2 protein chains.
Amino acid sequence: MRLSRYFMPILKENPKEAEIVSHRLMLRAGMIRQQSQGIYSWLPLGKRVLDKVNAIIREEQNRAGAIEVLMPTLQSAELWQESGRYDAYGKEMLRIKDRQERPMLYGPTNEEMITDIFRSYVKSYKNLPLNLYHIQLKFRDEIRPRFGTMRSREFLMKDAYSFDLTKEDAEHSYRKMFTAYLRTFARLGLRAIPMRADTGPIGGNLSHEFIILAETGESEVFSHKDFVNFDIPGTDTNFDNVEAMQAVFDKWTSIYAATSEMHDEEAFNAIPETDRLSARGIEVGHIFYFGTKYSEPMGAKVQGPDGKEHPVHMGSYGIGPTRLVPAIIEASHDDNGIIWPASVAPFDVVVINMKPGDEACDRICETLYGGLATVGKDVLYDDTDERAGTKFATADLIGVPIQVIVGPRSAASGEVEVKDRKTGERETLTVEAAMNRLAGR
Amino acid sequence: MRLSRYFMPILKENPKEAEIVSHRLMLRAGMIRQQSQGIYSWLPLGKRVLDKVNAIIREEQNRAGAIEVLMPTLQSAELWQESGRYDAYGKEMLRIKDRQERPMLYGPTNEEMITDIFRSYVKSYKNLPLNLYHIQLKFRDEIRPRFGTMRSREFLMKDAYSFDLTKEDAEHSYRKMFTAYLRTFARLGLRAIPMRADTGPIGGNLSHEFIILAETGESEVFSHKDFVNFDIPGTDTNFDNVEAMQAVFDKWTSIYAATSEMHDEEAFNAIPETDRLSARGIEVGHIFYFGTKYSEPMGAKVQGPDGKEHPVHMGSYGIGPTRLVPAIIEASHDDNGIIWPASVAPFDVVVINMKPGDEACDRICETLYGGLATVGKDVLYDDTDERAGTKFATADLIGVPIQVIVGPRSAASGEVEVKDRKTGERETLTVEAAMNRLAGR
């Protein structure tokens, strides 16, 4: 992408409304724009990151055997009356009447709708286990949306729903998602700690929040420090292996971790003082096992091997991609801007032409831009007429992992400078060597 | 994907509510499910097709220089009061009040919001041309939604918006999208005819609808027959070349084509009778040039080379992916079911195991399933215990382009049958030959 033809509206001033660093940096880098209170547009740079986050979430859901669907945003109130949540949900639910005066709502979550889909088609235990997910917009009419897309009203959620014949099977499904979440967050460059959590309006009695530590987090959390040393389950993980899933779950729940709602002061104090971690965190995922809470009232039953009908055991599993983007920034930035993990960077490389119009600079930049695109790299080419200082500041601000600086002096001798955004290390390389390095050869 | 672990709820009976073949087939193949009137869930098979359609639309938008963003579904009423459309839009606009009693709406289109984004950031003609698009849900509260996702209330739309300094530049932007649309529909396996169209509530005086011919179409259309012979612009198309875009546009508007609203009986009758085409069609895209209709009242101005401020000239360009899926089916099916063009097929190949449990059948199926996945093919493996007749009927119904039938007799001699869904041709091949054929070697 040539920057001269791109749309990346960088703000020079720090926006006043931004209270936390991720919100400030997302506005300054031209990633998002607020359209109404708690409702955002994703501008091109932000959309790229969001897509990469979604792609990783999707890959890990598929790996764990979940199947993607797409449910609509608007739901009929009737469904929620069946489950009993229509009256219980409160003012965060955006209630709507259509032109026929039918009561509708903008889905804050999809337990009812997926249960309705399930009961319409699945009649036998032979079709279980089943886990269906979608990545779809939700709306929760928060009284005080804040921190940009960290707590917005219209937001994207990946929500998965598992269906099993028995509690034991459902717990295995739960542990599969638990494991998938560990992998997902690790691939996003985050170290997330699973913590026993309150179930809130979803219901049930088994629930974990996945929390990443950040000073600006809204949750107060308490945990053992050893989580940082735990291995993340590998790509060879067999999600069908009940013992393997149990082992992952046991390992990651073997030491203390809890949000303030579930905090047990006594258990925490039993940890040696140097191993205690008391901090603030951001919730980036939340999983629930809630048994037959929805299947029972909504009649989602299957015939079991005994020939009788049984309400299915269900769980639900949420991750918020539009929250993950700022969460990643909270965990990875410096005074100059964002530092993207390579897995979600909007571009892999930014090629900075220090003197557009200079024959050697232009030629080398075009060679790198074209060559890297050919090997599948996402390249941003800064071909603008901005001053050098502005170009450097922009490259640092938007956090692309590798910068290639092409200036007239080194270009004349066929060389470029390669800078690592994270470490700040710079190295002078021939164009060919830079190309090989960046192409991963 | 193993069918035994997939979620593809095939209906045996023809659903009563489906009036047209695409609606019937989408329900029977388990692609969609109606959740409320005109509001649908996309089940896994449907979601796969929808994703492939979106990917092609996105590639062609990017190729033509448009840049992807993501605007929210809910909009503030204020924006629409600025343009004057809030009162004008009528009952199809779903109006909503949030918990603070602020008037909102579920966006039926995004001219106002994109104009608001533009005016917030772009101040100089030097940043033009600009074309921003998104693929996002819209809601239009139709009094009579029908034909499944062909005319639904909540639907997906790709809408692009171009910004230019002058009318001439804007007309070039219009012709770029015109050309991109020709390429998009061709890649989706559709022959779309651009027709002069009425501008409706979007406004302006230059507009084309892209229509595909189908008996079940809602529009009455009149055109010259020669469109079927016109070449589609190739992948080497230079969208920056003003003359090239003009040439494509001139060619494709050189012969008569109009919807009934714009029909000119006299001009039509001037066509030799054997070249006249009077038929029904489905609108699959609609593009507009509307000048300063929104930029003027909303103050979207840039400084021109003359140092003065000018309201920008705009166009908008819509394609409905959730309508395209049934449109493709209307154009490509037979009595047994859907016949997907390869570009949007939910799977490239279905491997049908005629006798799961038979050692040779299982081994050959696993070899094909694993081997084809390795070379990047999307494979559905029918490993279920259904009867042969049911398996064949399902494979035909869901319209996967290639079926590989693995039966015990031929498996024993290391052979499989490869069937082309479209032609019905069958060929017996060794496993290795089948693998090479299907892997495209």
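None of these values were measured; they are calculated from a predicted model.

Trainee: Please explain the overall build of chain A as it appears in this structure.
Mentor: Looking only at helices and strands, chain A has 14 helices and 23 strands in total. For chain A, whose C-alpha radius of gyration is 24 Å, the value lies close to the compact-globule estimate of 22 Å for 441 residues. C-alpha extents for chain A along the principal axes are approximately 80 × 60 × 40 Å. Relative to its full complement of 441 residues, chain A shows a buried share of 59%. The contacts of chain A with a sequence gap of at least 6 include a subset with a gap of at least 24, amounting to 72%. When the accessible surface of chain A is totalled, it reaches about 17,400 Å², and 45% of it is carbon and sulfur.

Trainee: Is there a simple way to think about the relation of the copies chain A and chain B in this case?
Mentor: Between the two copies of the chain lies a relationship made up of a rotation around an axis and a movement along it. Laying chain A over chain B is done by rotating through 180° and shifting 0.0 Å along the axis; what remains is an RMSD of 0.0 Å. As the rotation angle and translation indicate, the two copies are arranged about a two-fold axis. For chain A, the minimum C-alpha distance to the rotation axis belongs to isoleucine 96 of chain A and amounts to 3.0 Å. The residues that chain A uses at the interface reappear at the interface of chain B in 98% of cases, marking a shared surface.

Trainee: How should I be thinking about the sheet that holds strand 5 (residues 94–97) of chain A in this particular structure?
Mentor: In a beta sheet, neighbouring strands pair by backbone hydrogen bonds and run either parallel or antiparallel. Residues and elements named next belong to chain A. As summarised here, the arrangement of the three strands in space is 4-6-5, forming an open sheet in which the pairing is antiparallel. Edge positions in the open sheet fall to strand 4 (74–76) and strand 5, since each of these has one partner strand only. Ignoring strand direction, the axes of neighbouring strands in this sheet form an average angle of 40°. Sheet topology note: the strand 4/strand 6 (residues 103–106) ladder contains three bridges and is antiparallel. Bridging across to strand 6, leucine 74 finds its partner in tyrosine 106.

Trainee: Explain the pairing of strand 7 (residues 130–139) of chain B here, please?
Mentor: Within a regular beta strand, the side chains point alternately toward one face of the sheet and then the other, so they alternate between its two faces. Residue and element names in this part refer to chain B. Counted residue by residue, strand 7 has ten buried out of ten residues, so it is predominantly covered. Note that strand 3 (residues 67–68) and strand 7 share two bridges and pair parallel. Bridging across to strand 7, glutamate 68 finds its partner in tyrosine 133. Where strand 7 and strand 8 (residues 154–164) come together, ten bridges link them in antiparallel fashion. Note on strand 8: the bridge partner recorded for leucine 137 is leucine 156.

Trainee: How should the environment of arginine 437 of chain B be read in this particular structure?
Mentor: Residue and element names in this part refer to chain B. Looking at the secondary structure, you find arginine 437 in helix 14 (residues 431–438). Here arginine 437 falls in the partly exposed class, since its relative accessible area comes to 42%. Polar contacts involving the side chain of arginine 437 include one to the side chain of glutamate 427, which spans 3.1 Å.

Trainee: Looking at this model, I keep getting lost on the sheet that holds strand 21 (residues 402–406) of chain A. Mind explaining?
Mentor: Residue and element names in this part refer to chain A. The sheet built from five strands is open, its strands ordered 20-19-21-22-23 with mixed pairing. The open sheet terminates on both sides in strands that have one partner only, identified here as strand 20 (379–382) and strand 23 (426–430). Between one strand axis and the next, the sheet turns through 25° on average, direction left out of account. Sheet topology places strand 22 (residues 415–420) next to strand 23; five bridges connect them, and they run antiparallel. The residue of strand 23 that forms the bridge with glutamate 417 is threonine 428. Strands in contact with helix 14 (residues 431–438) are strand 19 (349–353), strand 21, strand 22 and strand 23; relative to strand 23, the strand with the most contacts, it is inclined by about 115°.

Trainee: How should I be thinking about the pattern of salt bridges in this particular structure?
Mentor: The tally for this structure, following the rule as stated, stands at 65 salt bridges over all chains. The salt bridge partner of glutamate 112 of chain A is arginine 85 of chain A, with a shortest N-O separation of 2.7 Å. Here the residue glutamate 112 of chain A occupies a position in helix 5 (residues 111–121), and arginine 85 of chain A occupies one in helix 4 (residues 85–88), the gap between them amounting to 27 residues. Exposure class is identical for glutamate 112 of chain A and arginine 85 of chain A. Each is buried. Of the charged contacts in the structure, one is a salt bridge between arginine 187 of chain B and glutamate 60 of chain B, with a shortest N-O distance of 2.8 Å. Of the two residues, arginine 187 of chain B is situated in helix 6 (residues 167–187) and glutamate 60 of chain B in helix 2 (residues 44–63); the sequence distance between them amounts to 127 residues. Classification of glutamate 60 of chain B as buried rests on a relative accessible area of 0%. Three or more residues joined by partner-sharing salt bridges are found here, namely Glu59, Glu60, Arg63, Arg183 and Arg187 of chain A.

Trainee: I tried to follow unusual backbone geometry on my own but got confused; where do I start?
Mentor: Glycine aside, negative phi is the norm for most residues, and most peptide bonds take the trans geometry. All names here are of chain A. Put simply, leucine 128 and proline 129 share a cis peptide bond, and its omega is 0°. When you line up the elements, proline 129 lands in the loop between helix 5 and strand 7 (130–139). The residue glutamate 101 is not glycine, and still its phi comes out positive at about 65°. Tracing the backbone through its elements, the reader meets glutamate 101 in the loop between strand 5 and strand 6. A positive phi angle, close to 60°, is found at phenylalanine 147, a residue other than glycine.

Trainee: Help me understand the packing of aromatic side chains in this model?
Mentor: Aromatic rings considered in pairs are described by the distance between their centres and by the relative angle of their planes. Under the criterion given, the structure shown has 39 aromatic pairs over all chains. Taking 5.4 Å as the distance between ring centres and 75° as the angle between the ring planes, the aromatic pair formed by phenylalanine 222 of chain A and phenylalanine 268 of chain A counts as edge-to-face. Taken together, the positions of phenylalanine 222 of chain A in strand 11 (residues 219–224) and phenylalanine 268 of chain A in helix 8 (residues 265–269) put the pair 46 residues apart, joining distant regions of the chain. Of the two residues examined, phenylalanine 222 of chain A and phenylalanine 268 of chain A, each falls in the buried class. Through a chain of ring-to-ring contacts, three or more aromatic side chains come together here, namely Tyr174, Phe178, Tyr181, Phe185, Phe210, Phe249 and Tyr317 of chain A. Directly above the aromatic system of phenylalanine 230 of chain B lies the positively charged group of lysine 251 of chain B, at a separation of 4.4 Å from the ring centroid. Here the basic side chain of arginine 276 of chain B rests over the ring of phenylalanine 268 of chain B, its NZ or CZ set 6.0 Å away from the ring centre.

Trainee: I keep staring at helix 7 (residues 242–252) of chain B and nothing clicks. Help me out?
Mentor: An α-helical turn contains 3.6 residues, so a residue and the one three or four places further along point in the same direction. All names here are of chain B. Taken as a whole, helix 7 has its buried residues at Met245, Val248, Phe249 and Trp252. Considered in projection along helix 7, the buried side chains sweep an arc of 95° and stay on one side of the axis. On the buried face of helix 7, the contacting elements are helix 6, strand 9 (193–196) and strand 10 (206–213). Where helix 7 begins, one side-chain oxygen reaches toward the backbone nitrogen of glutamate 243, 3.0 Å away; that side chain belongs to asparagine 241.

Trainee: Would you mind going over the domain arrangement of chain A with me for this structure?
Mentor: The extent of an interface is frequently quoted as the accessible surface area lost upon association of the parts. Residues and elements named next belong to chain A. When the domains of chain A are assigned, the result is domain 1 (3–338) and domain 2 (349–439). Taking only C-alpha atoms, the centre of domain 1 and the centre of domain 2 are 38 Å apart. Carbon and sulfur atoms make up 59% of the surface buried where domain 1 meets domain 2, a total of about 1,200 Å² over both sides. It is Leu3, Asn336 and Ile338 in domain 1 that bury the most area against domain 2; as a group they hold 42% of the surface buried on that side. One can count three salt bridges joining domain 1 with domain 2. Its salt-bridge partner being aspartate 378, residue lysine 52 comes within 2.9 Å of it at the nearest N-O pair. Counting across the domain 1 and domain 2 interface gives nine residue pairs in polar contact (both at pLDDT 80 or more). Those elements that provide at least two residues to the side of domain 1 that touches domain 2 are helix 1 (21–28), helix 2 (44–63) and strand 18 (337–338). With three residues, the single largest contributor to the side of domain 1 that touches domain 2 is helix 2. Each residue belonging to the side of domain 1 that touches domain 2 can be placed in one class, and the counts come to eight nonpolar, three polar and four charged.

Calculation rules
Residues numbered from 1 in each chain as written. Chains lettered and ligands numbered in written order. Predicted model: local features only at pLDDT ≥ 70, side-chain atom pairs only at ≥ 80, totals over all residues. Heavy atoms only, no water. Helix = DSSP H or I, 4+ residues; strand = E, 2+ residues; numbered from the N terminus. Rg over C-alpha atoms; globule rule 2.2 N^0.38 Å. Buried < 20%, exposed > 50% of the residue type's maximum accessible area, 1.4 Å probe, protein only. Contact = heavy atoms within 4.5 Å. Areas by Shrake-Rupley, 256 points an atom, 1.4 Å probe, with all protein chains shown as cover. Least-squares fit on C-alpha atoms with pLDDT ≥ 70 in both. Pairing = 2+ DSSP bridges. Axes fitted to C-alpha atoms, helices over the stretch in contact; angles between N-to-C directions. Polar contact = N/O pair within 3.5 Å; in protein donor to acceptor, adjacent residues only side chain to side chain. Salt bridge = Lys/Arg side-chain N within 4 Å of Asp/Glu carboxyl O. Phe/Tyr/Trp six-rings, centres within 6.5 Å; stacked < 30°, edge-to-face > 60°. Lys NZ or Arg CZ within 6 Å of the ring centre and 35° of its normal. Arc of directions from axis to C-beta. Domains from an automatic or database assignment. Buried area = accessible area lost by both parts, 1.4 Å probe. Nonpolar A, V, L, I, M, F, W, Y, C, P; charged D, E, K, R; others polar.

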